[in-house]
Each structure stands twice: as C-alpha cells, then as structure tokens.
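Listed below, chain by chain, are the residues.
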Amino acid sequence: MTSDKHSPFAPIILAGCAPDSGNLGVVALGYSLAIGLTERLPNQPIVLLGFGGNRVHSMRHNGTTLSFDVLGLNHSRRLYSPNASSNLGLLLKLGTPWTKLASTLQQARLLIDISAGDSFSDIYGQHRYDGVCFLKEVMLRLGKPVIFLPQTYGPFATDESRERASQLVREARACWARDEDSFQVLRDLLKDDFDPAKHRQGVDVAFLLPVKTPSKTVTELVEAKSANGQRMIGLNISGLVYNTPEQSKVEFKLKADYRRVVHELLLGLLEQSEHQVALISHVFGGNDRDSDPPACQAVYEQLPTHLRERVWVAPTFDDPREIKWLISQCDWFCGTRMHATIAGLSSGTATASIAYSMKTRGVFESCGVADQVIDPRHLDTEEVVRQTLQSFHDRDTTRARLAAALPATLEIARLQMDDIAALIV
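These figures come from a predicted structure and were not determined experimentally.

Parameters and conventions
- Residues numbered from 1 in each chain as written.
- Predicted model: local features only at pLDDT ≥ 70, side-chain atom pairs only at ≥ 80, totals over all residues.
- Heavy atoms only, no water.
- Axes fitted to C-alpha atoms, helices over the stretch in contact; angles between N-to-C directions.
- Helix = DSSP H or I, 4+ residues; strand = E, 2+ residues; numbered from the N terminus.
- Parallel < 35°, antiparallel > 145°, perpendicular 65-115°, else oblique.
- Left-handed = near helix turned anticlockwise from the far one by under 90°.
- Contact = heavy atoms within 4.5 Å.
- Nonpolar A, V, L, I, M, F, W, Y, C, P; charged D, E, K, R; others polar.
- Core = buried A, V, L, I, M, F, W, Y, C linked by side-chain atoms within 4.5 Å.
- Buried < 20%, exposed > 50% of the residue type's maximum accessible area, 1.4 Å probe, protein only.
- Salt bridge = Lys/Arg side-chain N within 4 Å of Asp/Glu carboxyl O.
- Expected span 1.5 Å × (residues − 1).
- Pairing = 2+ DSSP bridges.
- Right-handed = clockwise from strand over helix to strand, strands pointing away.
- Polar contact = N/O pair within 3.5 Å; in protein donor to acceptor, adjacent residues only side chain to side chain.

**Q** Outline the packing of helix H1 (residues 24-40) against helix H16 (residues 395-424), supporting the account with residue identities and numerical values.
**A** Between H1 and H16, the shortest axis-to-axis distance is 10 Å and the interhelical angle comes to 65 degrees. Classified by the angle between their axes, H1 and H16 sit roughly perpendicular to one another. Between H1 and H16 the crossing geometry is right-handed. When H1 is examined against H16, the residues Ser32, Leu33, Gly36, Leu37 and Arg40 are found in contact with a partner set consisting of Arg414, Met417, Asp418, Ile420, Ala421 and Ile424. When the residues that make up the contact of H1 with H16 are grouped by side-chain class, the tally is six nonpolar, two polar and three charged.

So this is what it looks like as structure tokens:
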C-alpha cells in the first residue's frame, strides 16, 4: 500500500506488471499480486513500477479502496529524465539518490519481479531484454534480495543472453516457473545450483484475479444482446498477429494464415449456431501493430451485412477484472492472447486458444484441457478452423473437465501466493 514514512516496514518493489500498461494481461498480473499480497500482508508497503510518471493508483476490492504508489521506470538513455534507467543508474553509482525512484529503490526491502509474464527472453529484441534485466541487476548490486515470480524463462537466441539469465536466477532468493516447460528451462539455467526449496513450479498468478462487474452501460449491453435467449461466444483476436500478417507469419513461424483462420472461424460459428459473438480486445494502445481493437473492427467490417446483427465489437476496459467478467458470461471463449484465455479458464468458462507460443499449452495443461490449444505453427488454415469449431461443439464436455480440474489449480495458486508472502516476511 502507499508508503508511509512512519511505517516500520520498508517498501517492497513489484515490477514487470505495470498498472498503466495497454496489455491487460500485464495489468492482470499486477492486480492479482497487489491484491493477493495485501490480503496476506496488510501492513506491508508495496510500490509498483509503471511506465509513466509517479502517481498513486487506487482500486476497489471487497468494499475497500487499496492505494499503491506507482513509480515510472523507462529503459531510456535520456539522462535528464528522473524516470529513465540511465538517470537511475548514474545516481545510484554516484551514491546520490536524489529522485523518488532512486531513493525508494535504495530503501526497499526487496524486489519481486514477474517480467510481464513472458519477457525474460531475448526473442523480443535486445533493447527489451536489457530493460527486463536492468532492474534485477541494479537491485542485486544494491544488495537487495530478488524474487522471480511465476513466469516463462526463455527462449534465448544467444549464448550471451542465456548466460546473463543464468547468472540472475542463480543470485535470486527464489524463482518460480509458471508451467512445466518453463520449470525445465529454469533448471537448465541453474544446473548444479538448482535447489527445490528455492526453485519451484507453480501457476500463473492471474488465476487468482477477482471478477469485477463493469459499468451498468456494459452489463445492459450484454443483457440486450441476449434478450432473445441467445448465448454469447467470445472471440479474442490478437492485433499482433492479425494487423501485419506477412511479418507475423515469418516472426512466429506460422503454417496457417491467421487472418483466414479468424474470418472462416467466425463465419463457421455464425453458420453452425444461433449465438451472438463478441469480438474482445485484450491489448490496446501502444503501437498500431500490437493493438487488438483495430483488428476486431476490421473483422467486423468484413462480415456480410446480414450477419453483423449477431456480432459486436466489445468495449475496451482499463480494469482486467471487468474484462474477466465479460469473458465469464460467454458460453464458449476462444482467445489468442494467453491472459485472455486465463480469464476464461479461471472463471470456469469453456475456453480454447489459437496459440502461436509454447507458453499457452502449459497453462491449459494445468487445468486438464491441453487439447483445447490449437497451434497455427504446426497446422494449416483449414485444420486450425476445423479443430477450433470442434472445440466449440465440445464445449459442454470441456466445461465439465475444467470444473473437475480447476479447484486444484486455484488451490496451487493460493498456496503459491502464501509462499511468496512468507518469503517477503
């Protein structure tokens, strides 16, 4: 919670889950951790790192307002900016922590870092990897403990990146991986330094994200769409893959044509059911390539006019708990963004994923429904569409399997949060 100079507790720094990110998956990680840790450590000051300036971020939870200091940290060479990594590095090297960011880090008890869930890797470019490693390295140089929260490790394109990662996880107080595949990568990075007491396999912390009912405008919209008894399908389209198809096909090594998959899947769902279809965004803003709303709008506009009355582009949300509510209203949900599918799985919604990354299968496997991941890297367009439509028709069976497996997954997530809180204490 907000730092208090009279508090007997030095703040902990929560990084890699900025509350001002345009990626609701990243925000969901931050909300889940901030709420979960505050419930377990109500007197512990928590400072979140974001991308903008310094501010206070507040959220309502169980009738109470939780407030957290948010400090901006941008991986930038703009030495004059108090929130630039270059400025921070210089001040700490000189021993003159004149900015709020530098002084807070110097006073902090420890760093808990989740690397946006999947960014502890160099596949997104060297600049981003440098930024992900920077704070961990700074805090270790300051003699502060570092905890790696449940996340994906790798892949690493170069030996240098891999060795850098290996050094960091060896020096960390504890590390969690969020699925079996990532846990194996973590073990490989640690080699003889692997310690089962410190290095553990867990689940994505967003499984604990609460649901929050959105505004009356949104709830009335959903009610109006189902006024004639129609159920709702949710379809999340990744702008990262859809908006630049040729670049994405090469970058993610796709065998299937993602644009064709989306269009043919949507037509198939409309032809084979009487459901309404909500096109749901989970990442917005930032660069045009990565944003989901333009992709959703383009898909809607390419529909034949007579089918548009059963399809709607859902509003965007700032709060990941509200979009989880929307997804939980679906009879079946299919997403390409992994954290959109976690919102579905964790709310018990029959969920499938058209996934271009290894990270998704581990999440679905933890819920007993790994067969609901359809991989366009290995399947052609027609087969991706066929398998995804079959997932829709099998939704009742999937929902029952998920209901049987989900309680154990949620219990692992709760125990994991208990262990993280215990380490902080």
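Back to the write-up after that little detour.
**Q** Requested: an account of the nonpolar core, with residues and values cited.
**A** If you look at the biggest cluster of nonpolar residues, it comprises 65 residues, and the most contacted ones within it are Leu37, Ile112, Phe207 and Leu326. Per-element accounting of this core gives the leading share, nine residues, to H1. What Leu37 contacts, discounting residues up to four positions off in sequence, is Ile12, Ile46, Ile112, Met417, Ile420, Ala421 and Ile424. Membership of the second largest hydrophobic core comes to 38 residues, among which are Ile13, Val47, Phe134 and Val185.

**Q** An account of the pattern of salt bridges is needed here, citing residue identities and associated values.
**A** Applying the stated criterion across every chain, the model contains 26 salt bridges. Where Glu137 meets Arg164, a salt bridge forms, and the shortest distance between an N and an O atom there is 2.8 Å. Taken together, the residues span a long stretch of sequence, with Glu137 in helix H4 (residues 126-141) and Arg164 in helix H5 (residues 159-171) at a distance of 27 residues. As a salt-bridge pair, Lys216 and Glu220 come within 3.8 Å of each other at their nearest N and O atoms. Here Glu220 and Lys216 lie together in helix H7 (residues 216-225), a separation of four residues that amounts to about one turn. Lys216 sits in the exposed class, given a relative accessible area of 61%. Glu220 gets classed as partly exposed once you look at its relative accessible area, which sits at 42%. A network of salt bridges, in which partner residues are shared, links Arg231, Asp331, Arg395, Asp396 and Arg399.

**Q** How would you explain H1 if you had to name every residue and give the values?
**A** Across its 17 residues, H1 extends 24 Å between first and last C-alpha, which sits within 8% of the 24 Å expected from 1.5 Å per residue. Within H1, 15 of the 17 residues are buried, leaving the element largely enclosed by the surrounding structure.

**Q** Tell me what's going on with the pairing of strand S13 (residues 351-354), and back it up with residues and numbers.
**A** Two faces, one strand: in a regular strand the side chains alternate between the faces of the sheet. On S13, burial covers both faces: Thr351 and Ser353 on one face and Ala352 and Ile354 on the other are all buried. Here strand S12 (residues 332-335) runs beside S13; their pairing, made up of three bridges, is parallel. Bridging across to S13, Gly335 finds its partner in Ser353. A crossover connection joins S12 to the parallel S13 through helix H13 (residues 338-346); in handedness this β-α-β unit is right-handed. Note that S13 and strand S14 (residues 373-374) share two bridges and pair parallel. From the neighbouring strand, Ile354 faces S14, where its bridge partner is Ile374. For the crossover from S13 across helix H14 (residues 359-365) to S14, the handedness is right-handed.

**Q** Any details on the environment of Asp179? Residues and values, ideally.
**A** Within the secondary structure, Asp179 is located in the loop between strand S7 (174-177) and helix H6 (180-190). The spatial distance from the C-alpha of Asp179 to the C-alpha of Pro150 is 8.4 Å, given a sequence separation of 29 residues. In contact with Asp179, other than residues within four places in its own chain, are Thr152, Gln201, Gly202, Lys359 and Gly362. One polar contact links the side chain of Asp179 to the main-chain amide nitrogen of Asp181, over a distance of 3.1 Å.

**Q** Summarise the environment of Ile12; cite the residues concerned and give the values.
**A** Locating Ile12 in the fold gives a position in strand S1 (residues 12-15). Taking C-alpha positions, Ile12 is 6.2 Å from Val47, a pair spaced 35 residues apart along the chain. Ignoring anything within four residues of it in the chain, the contact list for Ile12 reads Leu37, Gln44, Pro45, Ile46, Val47, Arg109, Leu110, Ile112 and Ile424.

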